[in-house]
Amino acid sequence: MKVLVLHGINLNMFGKRDPAQYGTTTLAEINDRLATLGAELGVEVETFQSNCEGSLCERIHQAHGEPVDAVLINAGAWTHYSYGIRDALAILHCPIVELHMSNVHAREPFRHQSVFADVVIGQIAGFGADSYGLALRAAVQHVRARSA
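Structural notes, computed from the coordinates. In this text, all values refer to a predicted model and were calculated from it rather than measured experimentally.

## Let's talk about the sheet that holds strand β4 (residues 96-100)
Here is step 1: In spatial order, the strands read β2-β1-β3-β4-β5; together these five strands make up an open sheet with parallel pairing. The outermost strands of the open sheet, each flanked by one partner alone, are β2 (44-49) and β5 (122-125). Neighbouring strand axes in the sheet, compared pairwise and without regard to direction, differ in orientation by 20 degrees on average.
Here is step 2: In this structure, β4 lies alongside β5, joined through four bridges in parallel fashion. In the strand pairing of β5, V97 is matched with G122.
Here is step 3: Helix-sheet contacts for helix α2 (residues 27-41) involve β1 (2-7) and β2, and the interaxial angle to β2 is about 160 degrees.

Right, dumping it as structure tokens:
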């Protein structure tokens, strides 16, 4: 099983950007934790980060032709307004889990809306860096239950 993890705009700044909101864990540390958890769960984890919306869409398009069993996405601010990323996600034939380190529903009103909501199987938010592990576990469990 292969899970693709997509990190969006500004997420390369985890560990430096607003530690009160996002903590001090870096994106590299998150990716390392995902690789370790993936090995424990018996799945391959591939990560991709971009600050360019078009690059993220192109990676999603590439995933359409690959053997990807699930996608995790933390698109950052794009979650709230990128119909381009939403439409790219909609072409995938695998489950997608949206995640956020912060509790977006306890933040500014514009963050309460996700344009991805209708194309994802669920959302995980507010658990800091642990949101990634929770999302990976949920995606793997969903894929395995679906194929059982």
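## Topic: the pattern of salt bridges
Here is step 1: For the coordinates displayed, the defined rule picks out six salt bridges.
Here is step 2: Note that D87 and R86 form a salt bridge whose closest N and O atoms lie 3.1 Å from each other.
Here is step 3: Since its relative accessible area comes to 18%, R86 is described here as buried.
Here is step 4: Residue R86 pairs with D118 through a salt bridge whose shortest N-O separation is 2.7 Å. Pair noted here: R86 is in helix α4 (residues 83-90) and D118 is in the loop between β4 and β5, with a separation of 32 residues, a long-range link.
Here is step 5: One salt-bridge network, held together by shared partners, links K2, E46, R59 and E66.

Conventions adopted
- Residues numbered from 1 in each chain as written.
- Predicted model: local features only at pLDDT ≥ 70, side-chain atom pairs only at ≥ 80, totals over all residues.
- Heavy atoms only, no water.
- Pairing = 2+ DSSP bridges.
- Helix = DSSP H or I, 4+ residues; strand = E, 2+ residues; numbered from the N terminus.
- Axes fitted to C-alpha atoms, helices over the stretch in contact; angles between N-to-C directions.
- Contact = heavy atoms within 4.5 Å.
- Salt bridge = Lys/Arg side-chain N within 4 Å of Asp/Glu carboxyl O.
- Buried < 20%, exposed > 50% of the residue type's maximum accessible area, 1.4 Å probe, protein only.

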